[in-house]
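# A closer look at the structure
For reference, the chains in residue letters:
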Amino acid sequence: MSAVEKLEALLERVQRNRAAPRTAAKAAPTTPKRAPSPLELAVEKELSSPPAAAPSPRRSSRPASPPRQTPQPRAARHAPLSEAPKTTPSIPVSLAEPPGPVPLEVPPRQSSGRNVAQIVTQAEPAVPLTFGALMDRTLALRPAPGGD
Amino acid sequence: MAQPTFDPTGFYEFDLQGGHVRTRGGARVMVLSESVVGPLVALAAQNEDLTAIRKLGQLIGQHVLDAFPQGAGPQAPEPIAAHAAAALAVFGWGQLTLSRWGDALVAQLDELPTLDDEHWAAAALLGGMFSVIADRPVACVPADATHFVMVDPSIAQEVWSWSRTGATLAHIVERLQRGES
């Protein structure tokens, strides 16, 4: 295909895009969108000025085909790639290694030598007692009144 | 200050020529077989006369007290319990551990052959020993075959009646409350 033929094909495509209604563009879901090439952009610019070339027989008989891209405002179509439509900004993910599990500082358990019954029956907090104090307490015990 | 530890080395002195066996404190002892002591103790318990057993307990308690010139009262319970256990073991009267059940002090004596059905012999031995150590009268009431609750002698009979009617150690302790000494 010669360069002239390529140019004519482009001209024909651009004219079709400009003339096609918006509803036709929405009915073509399978055609992937693509950014206009620099050549297409140049043709578009050329068409915006008074036409210089006569239309070729091929352009009038060719049926309208689904446009390759949705007609958009000129400003958006010529928007540089750096200003491409932004997606929803994602939450920045820290690249730092997430903190690992913090080891719980479990205080060392001190065995008191007592079983569960001893622990649950003791109403006072554990206080170191002397042997004499322990004897005082056990010898002070009396039968509870009314208990049997 | 380091707590004194019980040293069983040389606790017994054997005089083969004289036919004596003495303890470190100089008291003479006789080595008896379990099969001989058992019936003697059972007979004493049957007659409700356990004075000799209690006196043996007092002798053992004195051995414990000799290691603490300041007395046992100001000491922490652990070294007292350790000495008492070692002294009982040296005399062949089982393995002793002390524990607290609320305010009640409970002595557990394991590895002791059954000398009498009611466990009075062990109770008398422990009572004599702790009376000397605590420097006041102490009664050790059998709660079961191995556990003995330390109480004032004035309530020993009542606590003993609870045990005989099937009350467990936990029930016995639960029935006791702190009162006026």
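Residues numbered from 1 in each chain as written. Chains lettered and ligands numbered in written order. Predicted model: local features only at pLDDT ≥ 70, side-chain atom pairs only at ≥ 80, totals over all residues.

## Section: the interface of chain A and chain B
The following threshold applies: Contact between two residues is assigned when their C-beta atoms, built from the backbone, lie within 7 Å. Helix numbering and strand numbering both begin at the N terminus, where a helix is a DSSP run of H or I of at least 4 residues and a strand a DSSP run of E of at least 2. As a working rule, the residues Ala, Val, Leu, Ile, Met, Phe, Trp, Tyr, Cys and Pro are called nonpolar, Asp, Glu, Lys and Arg charged, and the rest polar, with Gly in that last group.
With 21 residues of chain A at the contact, the number on the chain B side is 29 residues. Put simply, the parts of the chain that give the side of chain A that touches chain B at least two residues each are helix H6 (116-121), helix H7 (131-139) and strand S1 (141-143) of chain A. Looking at the side of chain A that touches chain B element by element, the count peaks at eight residues for H7 of chain A. Here the side of chain A that touches chain B is built from residues that sort into nine nonpolar, eight polar and four charged.

## With respect to the nonpolar core
Residues and elements named next belong to chain B. Convention followed: Remark: nonpolar core denotes a set of buried Ala, Val, Leu, Ile, Met, Phe, Trp, Tyr and Cys residues whose joining runs through C-beta atoms within 7 Å. Exposed residues have 12 or fewer other C-beta atoms within 10 Å of their own C-beta, buried residues have 20 or more, and residues in between are partly exposed; the C-beta atoms are placed from the backbone.
Judged by nonpolar contacts, the single largest core of 56 residues is most densely connected at Ala 121, Leu 126, Ile 133, Cys 140, Val 141, Phe 148 and Val 149. Looking at this core, the element that brings in the most residues is helix H4 (residues 120-134), giving 12 residues. Filtering out sequence-adjacent residues up to four positions away, Cys 140 remains in contact with Ala 107, Ala 123, Leu 126, Gly 127, Phe 130, Phe 148 and Met 150.

## Points about the packing of helix H2 (residues 51-65) of chain B against helix H3 (residues 77-90) of chain B
Residue and element names in this part refer to chain B. Selection criterion: Axis angles are defined between N-to-C directions and span 0 to 180 degrees, where every axis is a line fitted to C-alpha atoms and, for a helix, only to the segment in contact. Roughly parallel covers angles under 35 degrees, roughly antiparallel covers those over 145, roughly perpendicular covers 65 to 115, and oblique covers all other angles. A clockwise turn of the near helix away from the far one marks a right-handed crossing, whereas an anticlockwise turn of less than a right angle marks a left-handed crossing.
Two elements in contact, H2 and H3, have axes separated by 9 Å at closest approach and are oriented at 130 degrees. Of the possible angle classes, the one that applies to H2 and H3 is oblique. Once H2 is placed against H3, the crossing between them reads as right-handed. Only His 83, Ala 84, Ala 87 and Leu 88 of H3 make contact with H2, whose side of the interface consists of Ile 60, His 63 and Val 64. The class makeup of the residues in the contact of H2 with H3 is five nonpolar, two polar and no charged.

## Some thoughts on the sheet that holds strand S3 (residues 95-101) of chain B
All names here are of chain B. The condition that has to hold: Here, any two strands with at least 2 DSSP bridges between them count as paired.
The strand order across the open sheet formed by four strands is S3-S4-S6-S5, and the pairing between neighbours is antiparallel. Two strands bound the open sheet, and with one partner strand each, they are S3 and strand S5 (139-142). Each strand of the sheet is rotated relative to its neighbour by a mean of 30 degrees, with strand direction disregarded. Where strand S4 (residues 104-110) meets strand S6 (residues 147-151), four bridges bridge the pair, whose relative direction is antiparallel. Bridge assignment links Leu 105 to a residue of S6, and that residue is Met 150.

## What about unusual backbone geometry?
All names here are of chain B. Of note in the backbone geometry, Glu 48 takes a positive phi value of approximately 55 degrees without being a glycine. Along the polypeptide, Glu 48 turns up in the loop between helix H1 (34-46) and H2. For Glu 48, a count of 7 C-beta atoms within 10 Å corresponds to the exposed category. The phi dihedral of Asp 135 is positive, around 60 degrees, even though this residue is not glycine. Within the secondary structure, Asp 135 sits in the loop between H4 and S5.

## Side note on the confidence of the model for chain B
So the rule is basically this: One confidence number per residue, pLDDT, is output by the predictor and ranges from 0 to 100.
Mean pLDDT for chain B: 89, with 96% of residues reaching 70 or above. When mean pLDDT is compared element by element in chain B, S5 of chain B scores highest at 97, while strand S7 (residues 176-178) of chain B scores lowest at 76.

## Some remarks on the confidence of the model for chain A
If pLDDT is low for a region, its predicted coordinates should not be looked at in detail. All names here are of chain A. In the predicted model, chain A carries a mean pLDDT of 63, and 30% of its residues have values of at least 70. Confidence, read as mean pLDDT per element, is least for helix H5 (residues 74-77) in chain A (45) and greatest for H7 (95). Note on residues 24-29: pLDDT under 50 across the span, and seven contacts to partners over four residues away in sequence or across chains. Counted against residues more than four places away or in other chains, residues 91-97, with its pLDDT under 50, gives zero contacts.

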